[in-house]
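# Working through the structure, step by step
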Amino acid sequence: MFQPHILSLFLYFPKDKSEYIPAAITFLIFFIGAIFAMKYIIAISKREAKKAKELEDRIMNQHNQKEQ
């Protein structure tokens, strides 16, 4: 049922190594884009955490003032 020669149809290793250049450039572009996207998401997350902390502090202060 499992035939290894079918898998060999999907593998392609060019003899001319210059064919790897476009793939490497594309990989590099997407890798750099992924790094920037990750840094952007982390920055937004930190900003939202700061806002949540400020809101929590404000609510706790209001709660403490009502108890007094």
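Everything that follows concerns the structure shown earlier in this document.
Quick summary incoming for the structure in this document. Keep in mind the model is a prediction, meaning the values are calculated, not measured.

## A word on the pattern of salt bridges
Within the structure shown, the criterion is met by 2 salt bridges. We note a salt bridge from Glu48 to Lys51, for which the minimum N-O separation is 3.9 Å. Of the two residues, Glu48 and Lys51 are both situated in helix α2 (residues 20-67); the distance of 3 residues between them amounts to about one turn of the helix. Notably, a salt bridge pairs Asp57 with Lys53, separated by 3.7 Å at the nearest N-O pair. Within this pair, Asp57 and its partner Lys53 are both found in helix α2, separated by 4 residues, close to a single helical turn. Taking the relative accessible area as the measure of exposure, Asp57 reaches 36% and is therefore partly exposed. On the accessibility criterion, Lys53 (44% relative accessible area) is partly exposed.

The rules behind each value
The numbering scheme is per chain: residues are counted from 1 as the chain's sequence reads. Reporting in this predicted model follows two pLDDT cut-offs: at least 70 for local features of residues, and 80 or more for side-chain atom pairs to be given and counted; totals over whole chains, interfaces and linings ignore these cut-offs and use all residues. Where side-chain values are given, they derive from all heavy atoms of the structure, hydrogens and water being excluded. One speaks of a salt bridge when a side-chain nitrogen belonging to Lys or Arg is within 4 Å of a carboxyl oxygen belonging to Asp or Glu. Secondary structure counts use DSSP, requiring at least four H or I residues in a row for a helix and at least two E residues in a row for a strand, with both numbered from the N terminus. A 1.4 Å probe rolled over the protein chains alone gives each residue an accessible area, and that area as a share of the maximum for its type sets the label: buried under 20%, exposed over 50%, partly exposed in between.

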